[in-house]
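Summary of the model geometry
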Amino acid sequence: MKSRNILAVSALALLSTLGAAAHAAGEGDDLSWRALQFQSQRDRADVHAEAVYAAHHHDMEAAGSRVLPPVYSSVSRAEVRQQAIQAVRTGQIAEGENPSL
């Protein structure tokens, strides 16, 4: 290795060691104090009661229940193919994989 590379690697190792030492000493970006200051707006019993109610009442809308039904086309596959060929010939749609190039 060249001396310039060795110097760069050793400087990087020194900086990472100093950063780890600063973090261990509490000088790093430690955000755990925010978790200790969190004040909930609801009691644990209220949240538990809501979960029990939701589990026993299935009249609520389930996740994914708003899925639209399949759409069936009145145009055949051959007609769509012919329309696509005609659109490429007339220049209505771009030809190729990446038309922006």
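Residues numbered from 1 in each chain as written. Predicted model: local features only at pLDDT ≥ 70, side-chain atom pairs only at ≥ 80, totals over all residues. Heavy atoms only, no water.

Now for the overall build of the protein chain. From N to C terminus, the protein chain includes four helices and zero strands. The burial tally for the protein chain puts 1% of its 101 residues in the buried class. (Helix = DSSP H or I, 4+ residues; strand = E, 2+ residues; numbered from the N terminus. Buried < 20%, exposed > 50% of the residue type's maximum accessible area, 1.4 Å probe, protein only.)

So, on to the pattern of salt bridges. A complete count under the given rule lists one salt bridge for this structure. Its salt-bridge partner being R42, residue E50 comes within 3.2 Å of it at the nearest N-O pair. Owing to a relative accessible area of 44%, E50 belongs among the partly exposed residues under this scheme. (Salt bridge = Lys/Arg side-chain N within 4 Å of Asp/Glu carboxyl O.)

Counting all residues, the mean pLDDT for the protein chain is 76, and 66% of those residues have values of 70 or more. Here helix α2 (residues 32–36) stands out as the least confident element of the protein chain, with mean pLDDT 58; helix α4 (residues 77–90) is the most confident, with 91. (pLDDT = per-residue confidence, 0-100.)

What follows is about α4. Between its first and last C-alpha atoms α4 spans 20 Å; for 14 residues at 1.5 Å apiece the expected length is 20 Å, and the two agree. Positioned one or two residues after α4, G91 has a phi angle of 80 degrees, which is positive. (Expected span 1.5 Å × (residues − 1).)

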